[in-house]
Amino acid sequence: MNKITLDTARLIVREALNHASKTKMKPLSVAVVDAGGHLIAFERADGAPVGRFELALGKAYGSVMLGIGGTAQRDRAEAQAYFIAAANAAYGGKLVPVPGGFVVRNAAGDVVGGVGVTGDTSENDMAAGDAGITAAGLVAEG
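In this numbering scheme, every chain counts its residues from 1 along its sequence in written order. The predicted nature of this model means local features are confined to residues of pLDDT at least 70 and side-chain atom pairs, given and counted, to a pLDDT of 80 or more, with totals for whole chains, interfaces and linings taken over all residues. Side-chain measures here rest on the full set of heavy atoms in the structure, leaving out hydrogens and waters.

Chemist: I tried to follow the sheet that holds strand S4 (residues 111–118) on my own but got confused; where do I start?
Modeler: Sheet strands pair via backbone hydrogen bonds, and the direction of the pair is either parallel or antiparallel. Should DSSP find at least two bridges between two strands, the strands are regarded as paired. Secondary structure elements are defined from DSSP: runs of H or I of at least 4 residues count as helices, runs of E of at least 2 residues count as strands, and each element is numbered from the N terminus. Within the open sheet, the five strands sit side by side as S2-S1-S4-S3-S5. Their pairing is antiparallel. Of all strands in the sheet, those with a lone pairing partner are strand S2 (39–44) and strand S5 (139–141), marking the two edges. Strand-to-strand twist in this sheet, taken as the mean axis angle between neighbours without regard to direction, amounts to 20°. Here, residues are in contact when the closest pair of their heavy atoms is within 4.5 Å. Convention adopted: a line fitted to C-alpha atoms gives each axis, helices being fitted over their contacting stretch, and angles between N-to-C directions are expressed from 0 to 180 degrees. The sheet contacts of helix H2 (residues 52–66) involve strand S1 (29–34), S2, strand S3 (101–105) and S4, and relative to S4 the element is tilted by about 150°. Packing against the sheet, helix H5 (residues 122–135) makes contact with S3, S4 and S5, and its axis sits at approximately 20° to S3.

Next comes the structure, spelled out in structure tokens:
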């Protein structure tokens, strides 16, 4: 697979939300972008705060644009705040450099997109995103 199709994006979202429901997480929001950072799919679970779209999209977008997941972005921000601030300025303030953002790779290791999950703890956001990406047969790099 060289790109995330709409059907694959919907599968990622559905499985991430199913994982959250099964494990009694707070209501999540999930965004899937292509390798260029363009939105393919988004869903907000019933009861999730309305402002979560921007957070989920920012996590997914930042992961693709920087080529590193949200956890690595957070760590980079702590070590080199000026770099993340400059990158965020370059990308029009669209980065959300926190856990819950994933670079998505195919089996060959090519970047095919990004996923952003928000709504619960960072660890739970990560677990739900990983579940969705793995269910789609792709590799999650968070």
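Chemist: Can you walk me through the pattern of salt bridges in this structure?
Modeler: Close approach of charged atoms allows side chains with opposite charge to pair. Between Lys or Arg on one side and Asp or Glu on the other, a salt bridge is scored when a side-chain nitrogen of the former is within 4 Å of a carboxyl oxygen of the latter. Inspection of every chain in the model, using the stated rule, returns four salt bridges. Of the charged contacts, one joins Glu-15 and Arg-14 as a salt bridge, the two residues approaching to 3.9 Å between their closest N and O atoms. Only protein chains enter the accessibility calculation, which uses a 1.4 Å probe. A residue is then buried if its area is under 20% of the maximum for its type, exposed if over 50%, and partly exposed in between. On the accessibility criterion, Arg-14 (45% relative accessible area) is partly exposed. For Arg-105, the salt bridge goes to Glu-141, with nearest N and O atoms at 2.8 Å. Here Glu-141 lies in strand S5 and Arg-105 lies in strand S3, a separation of 36 residues in the sequence. Look at Glu-141 and you get partly exposed, because its relative accessible area is 30%.

Chemist: Is there a simple way to think about the packing of helix H1 (residues 6–22) against H5 in this case?
Modeler: Relative orientation and spacing of two packed helices are given, respectively, by the angle between their axes and the distance between those axes. Direction vectors running N to C along H1 and H5 enclose 135°, while the axes themselves pass 7 Å from each other. It follows from the interaxial angle that H1 and H5 lie oblique. Handedness of the H1/H5 crossing: right-handed. Together, Leu-11, Ile-12, Glu-15, Ala-16 and His-19 of H1 and Ala-127, Ala-128, Ala-131, Gly-132, Ile-133 and Ala-135 of H5 make up the contact between the two elements. Lys, Arg, Asp and Glu make up the charged group, whereas Ala, Val, Leu, Ile, Met, Phe, Trp, Tyr, Cys and Pro make up the nonpolar group; the residues left over, Gly among them, are polar. By residue class, the composition of the contact of H1 with H5 is eight nonpolar, two polar and one charged. Our angle categories are set so that under 35 degrees counts as roughly parallel, over 145 as roughly antiparallel, 65 to 115 as roughly perpendicular, and the remainder as oblique. Take the far helix as your reference; a near helix turned counterclockwise from it by less than a right angle gives a left-handed crossing, and one turned clockwise gives a right-handed crossing.

Chemist: Whenever I open this one, the side chain of Ser-63 confuses me. Can you help?
Modeler: Within the fold, Ser-63 resides in helix H2. Given the relative accessible area of 0%, Ser-63 is considered buried. In terms of polar contacts, Ser-63 uses its side chain to reach the backbone amide nitrogen of Phe-102, at 3.2 Å. Residues in contact with Ser-63, not counting those within four places in the same chain, are Ile-68, Gly-69, Gly-70, Gln-73, Gly-101, Phe-102 and Val-103. Two N or O atoms form a polar contact when they lie within 3.5 Å of each other; inside protein one atom must be a possible hydrogen donor and the other a possible acceptor, and for residues adjacent in sequence the pair counts only when both atoms belong to side chains.

Honestly, it's all geometry; don't read function into it.
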